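These are the residues of each chain, in order.
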Amino acid sequence: MDRIELIQNIFQKTDFENYLEIGCRKGKSFLPIRAKNKVAVDPVFKIAISRRLKWLMKWPANFQADYFQLESDVFFETQKDYLQNLGPLDVVLIDGLHNFRASLHDVLHSLTYLNDEGLIILHDCYPPHEAAAVYADVFPTEEQQQQLKGWTGEWCGDVWKTISYLMGKYPDLLDVGVINTDYGLGYVRFKTTPLSRKFEVDEDLFVKVDQLTYKELKSDPEKIINLEPASFSDTVLSWY
Ligand SMILES: C[S@@+](CC[C@H](N)C(=O)[O-])C[C@H]1O[C@@H](n2cnc3c(N)ncnc32)[C@H](O)[C@@H]1O
């Protein structure tokens, strides 16, 4: 099951209404999701008119979808009223800038608005090889790509460290892990209602987690990111 099917199934099984996608690019995952209220955030949308029209016909709620052409940090900083008015986020897909700090910010910001029963999915949490796990501030440049042994055009970055960080920081508050499918689908949900909705980066823990290497991840993924088999998607669906 890939991210689109998993998210779609959750909307089908629940009365959830609000879907946020951070990092939308061509709308491949955003447009097919059949949620009532859809919000997309990306500094560079590349949605072809033909794809947009196709999905307007297939799912008319796409007419009311809101698009924010912004970096996600700027979105959360400037759109607080919008998010309050929207109501709790039911499902969030985080697929924006593929590095530890950016994805951690995306999760912490999303947790501020997440429905107590809601779910965050992070794409690209289990890179298929070391070249795909390289750290970069933006998609690796051609120069970086040429220097990377084994580069295949796939880039997950070090988003997986966000899972490790959350496991270490919030063992009682959050249920966190990665499903071994679709480049690793990270999942985050509340185990219990949070006492506060203020989530800030613990810089000491950040530095510690940032020192983990891809080799360490591969040597014990169950311990480092709580890796679950692909069949765990069914367990996730059974929560709803
Ligand atoms: C892998 S693509 C998203 C693919 C899409 N979710 C899908 O499944 O079809 C990553 C996107 O993240 C966007 N992005 C890069 N930096 C970002 C940021 N700071 N905030 C939000 N999106 C960002 C890029 O412009 C790009 O379109």
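Reference entry: report on the structure contained in this document. Keep in mind that what you see is a predicted model, and the values were worked out from it rather than measured.

### Thoughts on the packing of helix H5 (residues 100-113) against helix H8 (residues 203-210)
Inference 1: Packing of H5 against H8 leaves a shortest axis separation of 12 Å and a crossing angle of 135 degrees. Compared by their axis directions, H5 and H8 come out oblique. When the axes of H5 and H8 are compared, the crossing they make is right-handed. Contacts between H5 and H8 involve Phe100, Arg101 and Leu104 on the former and, on the latter, Glu203, Phe206, Val209 and Asp210.
Inference 2: Among the residues making up the contact of H5 with H8, the classes are represented as four nonpolar, no polar and three charged.

### What about the site of the ligand?
Inference 1: As a matter of local geometry, the ligand sits amid 17 residues, with Arg3, Gly23, Ser29, Asp42 and Asp95 nearest to it.
Inference 2: A distance of 3.2 Å separates a nitrogen atom of the ligand from a polar side-chain atom of Glu21.
Inference 3: Between the ligand and Ser29, the relevant distance is 2.8 Å, taken from an oxygen atom to a side-chain nitrogen or oxygen of the residue.
Inference 4: For the ligand, whose unbound accessible area comes to 600 Å², protein coverage reaches 84%.
Inference 5: Of the residues contributing to the shell around the ligand, the split by class is five nonpolar, five polar and seven charged.

### Let's talk about the packing of aromatic side chains
Inference 1: Evaluated as defined, the whole model comprises 15 aromatic pairs.
Inference 2: Ring centres 5.5 Å apart and planes at 80 degrees place the aromatic pair Phe45 and Tyr67 in the edge-to-face group. Here Tyr67 lies in strand S3 (residues 66-68) and Phe45 lies in the loop between strand S2 (37-41) and helix H2 (49-58), a separation of 22 residues in the sequence.
Inference 3: A relative accessible area of 18% places Phe45 in the buried class.
Inference 4: Consider the rings of Phe75 and Phe76, whose centres lie 5.1 Å apart with planes at 70 degrees: the pair is edge-to-face. Both residues of the pair, Phe75 and Phe76, belong to the buried class.
Inference 5: An aromatic cluster of three or more residues is present, and its members are Phe11, Tyr19, Phe30, Phe45 and Tyr67.
Inference 6: When the ring centre of Phe30 is taken as reference, the NZ or CZ atom of Lys38 above it lies at 4.9 Å.
Inference 7: Lying across the ring of Phe206, Arg101 places its NZ or CZ 4.0 Å from the centre.

Parameters at a glance
Residues numbered from 1 in each chain as written. Predicted model: local features only at pLDDT ≥ 70, side-chain atom pairs only at ≥ 80, totals over all residues. Heavy atoms only, no water. Axes fitted to C-alpha atoms, helices over the stretch in contact; angles between N-to-C directions. Helix = DSSP H or I, 4+ residues; strand = E, 2+ residues; numbered from the N terminus. Parallel < 35°, antiparallel > 145°, perpendicular 65-115°, else oblique. Left-handed = near helix turned anticlockwise from the far one by under 90°. Contact = heavy atoms within 4.5 Å. Nonpolar A, V, L, I, M, F, W, Y, C, P; charged D, E, K, R; others polar. Near = heavy atom within 4 Å. Polar contact = N/O pair within 3.5 Å; in protein donor to acceptor, adjacent residues only side chain to side chain. Areas by Shrake-Rupley, 256 points an atom, 1.4 Å probe, with all protein chains shown as cover. Phe/Tyr/Trp six-rings, centres within 6.5 Å; stacked < 30°, edge-to-face > 60°. Buried < 20%, exposed > 50% of the residue type's maximum accessible area, 1.4 Å probe, protein only. Lys NZ or Arg CZ within 6 Å of the ring centre and 35° of its normal.

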